[in-house]
Amino acid sequence: MMKYSLLAYKYFVDVVETQGFTPAAKRNFVSQTAISNAIKNLEKQLGVQLIDRSTSHFKVTLAGSNLYHCAIPLLNTYYEFGEKITQLNNSFSILKIHYLHGFGFWTVKLAQSLLTSNPKLQLQLDTENFATSFTKLDAGNYDVLIGFSTAVSKIKDIHVKKIGTANFSILLNQSSLTKNGNISKKTFKRQPLFLQKWTATDSNDVQSKIKIILRNMHIDYSQIIYLDSFDAAISNVILNHGLAIYPRELSIPKKYDDCLCFLPQLPELKYDVVAIYKNPALANILERATD
């Protein structure tokens, strides 16, 4: 019987690499308490102290340093073993694809390509909240997550395949323009900016870029309001005459052509849309669909 849990070793390695319990917890999408208890139990099982808690600065003991160097090849071997096991059966009859709010357009395009390359494949599509998306992906609740590449730039042990590009612009009500078609900055100053409820682990996310661009264009807004969908963005811009980010790939309904338009002279905002997955056996399936 195996005496020690590999998960505890992984937690310990992450604590050492991130220099703390809190960042290790964020890396693994668990609580700090879960990480701390796992390390304490590991110390109890091994009969040695791994982390020096007597100092305010993070410090690994000599025993901890030795364990870290021993655990790295062990975990690497385990990951390689896991990949080979998953590749024993490279066929999927049902593929569960979840997507962050607003990514339905690219998800449907991927689904259509998947069905073209593999007609017998059954697909299940659903939306997903960013806050719990990677925890569920890690737990195997679904197979593929569709979102931005910036959302996974610092997350380990996952695979990413580009499936498209989002070209963002700022949507506004035409009543916010002057008769000459110029921007009415005084009107904007009293209006809100609508953004989607996204969180990115990369500082170069679309929302930060939008704020910088507006500031450089000397465009102010009264407040930021967060929404769940691009449909909500359209509705609010029509009613409130505010600003919202909107991908040009998503066509605006023709009935709104007379009241909605994109902000003129806006710098390009291109972001990769990716399929995120853990099972390496999915690589060939996604590769065939995105060729």
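The structure under discussion appears in the preceding block.
The structure contained in this document is the topic of the report that follows. (Residues numbered from 1 in each chain as written. Predicted model: local features only at pLDDT ≥ 70, side-chain atom pairs only at ≥ 80, totals over all residues. Heavy atoms only, no water.)

A closer look at the overall build of the protein chain
Then step 1. The helix and strand tally for the protein chain stands at ten helices and nine strands.
Then step 2. Here the protein chain, with 291 residues, has 41% of them falling under the buried criterion.
Then step 3. Counting contacts in the protein chain only where the partners sit at least 6 residues apart, residues at least 24 apart contribute 74% of the total.
Then step 4. If you sum the accessible surface of the protein chain, you get close to 16000 Å²; carbon and sulfur atoms cover 51% of it. (Helix = DSSP H or I, 4+ residues; strand = E, 2+ residues; numbered from the N terminus. Buried < 20%, exposed > 50% of the residue type's maximum accessible area, 1.4 Å probe, protein only. Contact = heavy atoms within 4.5 Å. Areas by Shrake-Rupley, 256 points an atom, 1.4 Å probe, with all protein chains shown as cover.)

Regarding the pairing of strand β3 (residues 144-148)
Then step 1. The buried count for β3 comes to five of five residues, which makes it a mostly enclosed element.
Then step 2. Relative to β3, strand β1 (residues 94-100) runs parallel, the two sharing three bridges. Its bridge partner being in β3, Tyr 99 is matched across the sheet by Ile 146. (Pairing = 2+ DSSP bridges.)

Considering the nonpolar core
Then step 1. Core analysis: the largest hydrophobic core is formed by 60 residues, its most contacted members being Leu 114, Ile 146, Phe 168 and Leu 263.
Then step 2. For this core, the element with the highest residue contribution is strand β9 (residues 269-277), accounting for seven residues.
Then step 3. Within the second largest apolar cluster, 20 residues are counted, among which are Tyr 11, Phe 12, Val 15 and Val 16. (Core = buried A, V, L, I, M, F, W, Y, C linked by side-chain atoms within 4.5 Å.)

Overview of the packing of helix α2 (residues 21-28) against helix α3 (residues 32-46)
Then step 1. Look at α2 against α3: their axes get within 8 Å of each other, and the N-to-C directions meet at 110 degrees. In terms of orientation, α2 lies roughly perpendicular with respect to α3. Here α2 contributes Phe 21, Thr 22, Ala 24, Ala 25 and Asn 28 to the contact with α3, which in turn contributes Gln 32, Ile 35, Ser 36 and Ile 39.
Then step 2. A per-class count over the contact of α2 with α3 returns five nonpolar, four polar and no charged. (Axes fitted to C-alpha atoms, helices over the stretch in contact; angles between N-to-C directions. Parallel < 35°, antiparallel > 145°, perpendicular 65-115°, else oblique. Nonpolar A, V, L, I, M, F, W, Y, C, P; charged D, E, K, R; others polar.)

Some thoughts on unusual backbone geometry
Then step 1. Despite not being glycine, Gln 19 shows a phi value in the positive range, around 60 degrees.
Then step 2. Within the fold, Gln 19 resides in the loop between α1 (6-18) and α2.
Then step 3. Judged by its relative accessible area of 49%, Gln 19 is partly exposed.
Then step 4. Notably, Phe 29 is not glycine yet its phi reads approximately 60 degrees, a positive angle.
Then step 5. Turning to its location among the elements, Phe 29 is positioned in the loop between α2 and α3.
Then step 6. Its relative accessible area of 33% is what places Phe 29 among the partly exposed residues.

As for the packing of aromatic side chains
Then step 1. What the rule picks out here adds up to eight aromatic pairs.
Then step 2. Judged by centre distance (5.6 Å) and plane angle (20 degrees), the rings of Phe 29 and Phe 134 are stacked. Taken together, the positions of Phe 29 in the loop between α2 and α3 and Phe 134 in helix α6 (residues 130-139) put the pair 105 residues apart, joining distant regions of the chain.
Then step 3. What makes Phe 134 buried here is its relative accessible area of 4%.
Then step 4. Judged by centre distance (5.7 Å) and plane angle (80 degrees), the rings of Phe 230 and Tyr 246 are edge-to-face. Here Phe 230, found in helix α9 (residues 230-240), pairs with Tyr 246, found in strand β7 (residues 243-247); they are 16 residues apart in sequence, far enough to count as distant. (Phe/Tyr/Trp six-rings, centres within 6.5 Å; stacked < 30°, edge-to-face > 60°.)

Concerning the environment of Ser 54
Then step 1. Summarising the element assignment, Ser 54 is placed in the loop between α3 and α4 (62-86).
Then step 2. Given a relative accessible area of 67%, Ser 54 falls into the exposed group.
Then step 3. At a separation of 2.5 Å, a polar atom in the side chain of Ser 54 contacts the side chain of Asp 52. (Polar contact = N/O pair within 3.5 Å; in protein donor to acceptor, adjacent residues only side chain to side chain.)

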